[in-house]
Every structure is written in structure tokens, then in C-alpha cells.
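# A closer look at the structure
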Amino acid sequence: MSGALDEQVYLDYQSAKPVDRRVLEQMTPYFSEKFGNPSSLHHVGDIATEALEQSRKKVSEFIGSDMDEIVFTSGATESINLGIIGFALRNKRKGKHIVISEVEHISIRNIAKYLEKEGFLVSRVPVDQYGQVKLGKLESRLRDDTILVSIQYANNEIGTIQKIQEIGEIVHDHGAALHTDAVAAEGLVPINVEADNIDLMSMSSNDIYGPKGAGFLFMRRGYRVNPLIIGGGQERGLRSGSEDVASIVGMSAAAEIIQKEMNDEIKRFKKYRDRIIDSVLNEVPDSYLNGHPEERLPNNAHFRFDGIEGESILLSFKDLGIAISTGSACTSKTLEPSHCLIATGLLHEEAHGSLEITVGRYNTDNHIDKVIDAVPKVVSRLRELSPIYTPKEKVMSR
Ligand code: PMP
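In this report, the structure presented in the accompanying data block is examined.

Conventions we followed
- Residues numbered from 1 in each chain as written.
- Predicted model: local features only at pLDDT ≥ 70, side-chain atom pairs only at ≥ 80, totals over all residues.
- Heavy atoms only, no water.
- Helix = DSSP H or I, 4+ residues; strand = E, 2+ residues; numbered from the N terminus.
- Rg over C-alpha atoms; globule rule 2.2 N^0.38 Å.
- Buried < 20%, exposed > 50% of the residue type's maximum accessible area, 1.4 Å probe, protein only.
- Contact = heavy atoms within 4.5 Å.
- Polar contact = N/O pair within 3.5 Å; in protein donor to acceptor, adjacent residues only side chain to side chain.
- Core = buried A, V, L, I, M, F, W, Y, C linked by side-chain atoms within 4.5 Å.
- Domains from an automatic or database assignment.
- Near = heavy atom within 4 Å.
- Areas by Shrake-Rupley, 256 points an atom, 1.4 Å probe, with all protein chains shown as cover.
- Nonpolar A, V, L, I, M, F, W, Y, C, P; charged D, E, K, R; others polar.
- Phe/Tyr/Trp six-rings, centres within 6.5 Å; stacked < 30°, edge-to-face > 60°.
- Lys NZ or Arg CZ within 6 Å of the ring centre and 35° of its normal.
- Pairing = 2+ DSSP bridges.
- Axes fitted to C-alpha atoms, helices over the stretch in contact; angles between N-to-C directions.
- Arc of directions from axis to C-beta.
- Salt bridge = Lys/Arg side-chain N within 4 Å of Asp/Glu carboxyl O.

Attention shifts here to the overall build of the protein chain. Looking only at helices and strands, one finds 12 helices and 12 strands in the protein chain. Against the 2.2 N^0.38 benchmark of 21 Å for 398 residues, the protein chain shows a C-alpha radius of gyration of 22 Å, consistent with a compact globule. Dimensions of the protein chain, computed from the C-alpha atoms along their principal axes, are close to 70 × 55 × 35 Å. Burial statistics for the protein chain: of 398 residues in total, 56% are counted as buried. The long-range share in the protein chain, meaning contacts at least 24 apart out of those at least 6 apart in sequence, stands at 73%.

Shown next as C-alpha cells:
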């Protein structure tokens, strides 16, 4: 890691990740000497086609699928659109009922609203206090006309991992298909679409240290979606437009690297995460861990603090050169508290005092030391200024 990030402490890996230099190296030739269009039939086009198919192979190995079950896209949002809207439009004669959870990413929440306007019916399944989908409630929402269930693999804010295998069994028992948004989990949890009972899955490149602007949809053989981008018929007609070969090569290089290094990274991240969690809960009075105590992403620590606003914590950390988050970067401009925290049963004022720390590939012990040292100081200073904070006896968890 070089440049500005050397001086800063970056602990917001959930929002964005730097491109791994090894990935960048593999991408570079595809901007210049290997610039061909895979649709061209000459030898320059062949080089691009070969790169595209090699990339498809690497990505399919990463998730345990076949090559022809991968559709390259411009990122997770597009994959999710194709996987949910494309599926809904294609399969609407079988039924017009869709199920999502209450903690889905804004892209899925907004797609649900869009489909409702288009005459589909969407049910939302509640989660428990840790953010896990209530399986009994899921079962009760499923109907004869349910065609699709979309439940995230893990939550991008509180880090809770869903029981995706069991969810898949329930969904299949009712004859519906399971789409999962695996963006928060990819590279942090081993994912195998067969073992995990997944029919459609959206992933992005940047979340595994590849370039932004690339992603893919896994679609199990035999399932069908209507294309949303119509044109020259690339990607078996499912996603037209000349492929961004360099970015796709980058994404597949990132997948290959993370597949090899994931076990070691998970161990390292867990150590960092647990140091942060133990230290904050011990050192900061009236602090609580959000999300599941065990079934959580190895790199995620998410807290709430009585009596202070997440934004003021974030800005204090910014002054110290430490980049952290209050939740999803995609909704950071709204004043609303996180819908995920509200879904776990928190009050608005509790949800507002939250802080998300996500570690990643380029963090060091020194970064963890710095944040552990800073949190109690920042929280205590902000509480001195807070008109609403009155200390209460410490409760470690709810
Ligand atoms: N799902 C989740 C869980 C996310 O965190 C994000 C944002 N990184 C997305 C979907 C959308 O991804 P993108 O903005 O890369 O399209």
C-alpha cells in the first residue's frame, strides 16, 4: 500500500477497497496492447475473448459454479437489478410475489418498491435482535405464487451472517428461487453456491480488491432472466454492450488471489476485530455491540454508544486521520437512522449513536492500536459535551 493511505488509518473497508497491486498489474495490458473487443473475429479480438473466458473460469471456481452460469456486469447494483427485476419479469406468469428481508441493502429495498409499482407484491421478513432472518416468519411469508426470495448473505452494516443454507432449503421446499446479495460476505466467508443452496447471486469486484465498475451475476443453469440492457447480445444476450475486459480481468485476478489467501486473512481479521470489540466494550462505559456476537463477518465491529451521535464520532476520527463509518456509505447522505438497526429493534436515538469499523488487507497492528486508543477518548470527550448523556450501569450486551 502506498500514498495517502500510509499516513492515514483506514478502517472502512466495507465502503471501498483499494485495488490490489497484483490485480492492477494483470489488468494493465488490457488497456493498451491487448485492447481488442471480444466480439471481433480477428486475432486481436481472440486475445480479448480468451481473457474473458479465463476470467469466467476463475470467477466460477471462486464460487463453485460452472462457467456458463456467470454473467458479467458493471457491478453489484446491476447484478442485483438483473437477478431480481430480470427474474421477476421473466417469471411473472408463474407468480408475482417476491420476498426480501428487512435488512437488505438500499438497492434491493428500492428495487422492491419499483416492482410494487409494476404490480408485483413484495413481503418483507423481519429479523431478530442480532439481524438474522426469522426462519419461521420466512416460511409463513411464502405462498404458492412466490417466485423469488432475496436475502443477503451477510449484512454490510452490522456484519451479521444469515443462515443461507437453511434459507435456501425453505425457499426450495416452496418451489421458489433464492437470490442472495453476497457483496458484504464475498472474500470474507467461503461461499459455494451448491452447498449454500443459492440459485442467483450478485457479487462485485471492488469488494475483493478488484476495480470498481465490474461485477457478476451467478444464475443457476435452468433459471431464466429477462435482460435489462438490450443491444448487441453479449453475455449470451443477457447483458449487451462491449465487455470491459480490463476490469473483468481485474475482478477475476482478485477472485483468484482471495481464494488462495482467504483463510489466512480471515484469521488475521478476526484477531483484529476481536481486539477492537473487547477493548471498546471494556473501556467505554454504556457501549454495546450491534449485530450477532458470533455469526458475524470476521472484519466487522459495529457499536453503539449512549448519548452521542455517530456523525460526531466519525468527524472526530476524521480529525485524527482515522477513517471509519456510521453505516452504509450508500445511505450516508440521509439523516434517517439505519434501517438495519431499527429492524433489530433499536430505538431511533440508539441507532443514531453507532459506529462501524471494518478492517481489511492493508491494516496493521499499529492501525488497530491507534483506533483502540482513540475510541474511549473520543467518546468520553463527546459525552462531556452531550446534553443528553447520563451514565448508567454498564451492560455488555442486550
Ligand atoms: N449490496 C451491498 C450489501 C452493498 O454494500 C453494496 C454497496 N457496496 C451494494 C449491494 C451495491 O454495490 P455497488 O454500489 O458496487 O453496485
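Within the secondary structure, glutamate 235 sits in the loop between β8 (215-219) and α8 (245-283). The buried category is assigned to glutamate 235, whose relative accessible area is 6%. Looking at glutamate 235, its side chain comes within polar contact range of the side chain of arginine 56, at 2.8 Å. Apart from the residues lying within four places of it in its own chain, the contact partners of glutamate 235 are Leu52, Arg56, Ile70, Val71, Phe72 and Glu243.

Here isoleucine 63 shows up in helix α3 (residues 43-63). Given the relative accessible area of 0%, isoleucine 63 is considered buried. As for isoleucine 63 and leucine 115, which are separated by 52 residues in sequence, their C-alpha atoms are 28 Å apart. Residues contacting isoleucine 63, with those up to four places away along its chain left out, are Ile70, Ile191, Asn192, Val193, Met201, Met203, Phe216 and Phe218.

Our focus in this paragraph is the nonpolar core. Counting residues in hydrophobic clusters, the biggest one holds 83 residues, and the most contacted among them are Ile276, Phe303 and Phe305. Residue contributions to this core peak at 13 residues, all from α8. Each of domain 1 (9-17 + 262-397) and domain 2 (21-258) contributes no fewer than three residues to this core. Setting aside chain neighbours within four positions, we find isoleucine 276 in contact with Ala301, Phe303, Ile357, Val359, Ile368, Val371 and Ile372. Judged by nonpolar contacts, the second largest core, of 23 residues, contains Val71, Ala88, Leu148 and Ala177.

Glancing now at the site of the ligand. Taken together, nine residues form the shell around the ligand, and within it Ala76, Thr77, His105, Asn156 and Asp181 come nearest. Separating an oxygen atom of the ligand from a side-chain N or O atom of threonine 77 is a distance of 2.6 Å. Between aspartate 181 and the ligand, the recorded distance is 2.7 Å, taken from a side-chain N or O atom to a nitrogen atom. For the ligand, whose unbound accessible area comes to 390 Å², protein coverage reaches 79%. For the shell around the ligand, the element with the most residues is helix α4 (residues 76-91), which contributes three residues. Split into classes, the residues belonging to the shell around the ligand amount to four nonpolar, four polar and one charged.

Next up on the list: the packing of aromatic side chains. One pass over the full model with this rule turns up four aromatic pairs. Taken together, a centroid distance of 6.2 Å and an interplanar angle of 55° make the contact between tyrosine 13 and tyrosine 209 tilted. Of this pair, tyrosine 13 sits in the loop between β1 (9-10) and α2 (21-27) while tyrosine 209 is found in the loop between β7 (200-204) and β8, placing the two residues 196 residues apart along the sequence. A relative accessible area of 2% means that tyrosine 209 is categorised as buried. Taken together, the aromatic side chains of Tyr10, Tyr13, Tyr209 and Tyr362 make up a single cluster linked through ring pairs. Its end group placed over the ring of tyrosine 209, lysine 17 keeps NZ or CZ at 5.8 Å from the ring centre.

Turning our eyes to something else, we now look at unusual backbone geometry. At glutamate 235, a residue that is not glycine, the phi angle is positive and equals roughly 50°. Within the chain, aspartate 286 stands out as a residue other than glycine whose phi angle is a positive 50°. Within the secondary structure, aspartate 286 sits in the loop between α8 and β9 (287-289). Taking relative accessible area as the criterion, aspartate 286 reaches 0% and is therefore assigned buried.

One open sheet accounts for seven strands, arranged β2-β8-β7-β6-β5-β3-β4; its pairing is mixed. One side of each edge strand has no neighbouring strand; the edge strands of this open sheet are β2 (70-73) and β4 (121-125). Direction aside, the axes of adjacent strands within the sheet are offset by 20° on average. Along the sheet, helix α5 (residues 106-117) contacts β3 (97-101), β4, β5 (146-150) and β6 (177-181); its crossing angle with β4, the most-contacted strand, is approximately 145°. Where helix α7 (residues 164-173) meets the sheet, it contacts β5 and β6, and its direction lies at approximately 150° from that of β6.

Among all positions in helix α9 (residues 310-319), only Gly310, Ile313, Ser316 and Phe317 are buried. Buried residues of α9, seen end-on, are gathered within an arc of 125° and therefore sit on one face of the element. In α9, the exposed residues that point more than 90 degrees away from the buried face are Lys318 and Asp319. Packed against the buried residues of α9 are β10 (300-305), β11 (322-323), α11 (348-352), β12 (354-358) and α12 (365-385).

Attention now moves to the pattern of salt bridges. Opposite charge on two side chains permits them to pair, given that their charged atoms come into close proximity. Under the defined criterion, the tally for this structure stands at 19 salt bridges. Its salt-bridge partner being aspartate 68, residue arginine 221 comes within 2.9 Å of it at the nearest N-O pair. Taken together, the residues span a long stretch of sequence, with arginine 221 in the loop between β8 and α8 and aspartate 68 in the loop between α3 and β2 at a distance of 153 residues. Take arginine 221: its relative accessible area is 52%, and that puts it in the exposed class.

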